[in-house]
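This is what each chain is made of:
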Amino acid sequence: MSVALEMRDSIATITIDDGGKNVINHGVLDELEAAWAKAESEAQAVILSGRPGSFCAGYDISVMTGDDPGAAAKLGQRGGRFAYQLFGSRMPTVAVSTGHAFTIGALWLACCDAVSYT
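No experiment lies behind these values; they were computed from the predicted model shown.

Draft legend 1. Looking closely at the pattern of salt bridges. This structure, assessed with the given rule, holds five salt bridges. A salt bridge links Arg78 to Asp30; its shortest N-O distance comes to 2.7 Å. Note that Arg78 is positioned in helix H3 (residues 69-88) and Asp30 in helix H1 (residues 26-42), a separation of 48 residues in sequence. The class of Asp30 is partly exposed, set by a relative accessible area of 43%. Ionic pairing is found between Glu42 and Lys38, a salt bridge with its closest N-O pair at 2.8 Å. Here Glu42 pairs with Lys38, and both are found in helix H1, just four residues apart, close to one helical turn. Judged by relative accessible area, which is 42%, Glu42 ranks as partly exposed. Lys38 gets classed as partly exposed once you look at its relative accessible area, which sits at 39%. Through salt bridges with shared partners, one network takes in Asp30, Glu33 and Arg78.

Conventions we followed
- Residues numbered from 1 in each chain as written.
- Predicted model: local features only at pLDDT ≥ 70, side-chain atom pairs only at ≥ 80, totals over all residues.
- Heavy atoms only, no water.
- Salt bridge = Lys/Arg side-chain N within 4 Å of Asp/Glu carboxyl O.
- Helix = DSSP H or I, 4+ residues; strand = E, 2+ residues; numbered from the N terminus.
- Buried < 20%, exposed > 50% of the residue type's maximum accessible area, 1.4 Å probe, protein only.

Printed below as a string of structure tokens:
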């Protein structure tokens, strides 16, 4: 599993951790979208973080530079829809970045209400 959800005192913590640099692919987005939906229904605030040293490496480069431009577009659109959910959320959303945040990761940070860089 690449995405974990922990609930404590009505605060949801969603952590992306693929064991590496946190590459965003459809599998990660499936888990992230499910965690976000659960957090929206049960929490009053959300903390979004990556693994220590890496918030997000961005989109899976093999998809983005592959032979199927439609697959790259679909991945980009899904990441953009998640950014829209972060930006439009009525819940306070805090991002915690302890490392790099490339492409969609940087956008996700910008869409949160507050960001902590440690």
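Read on, since the account is not over.
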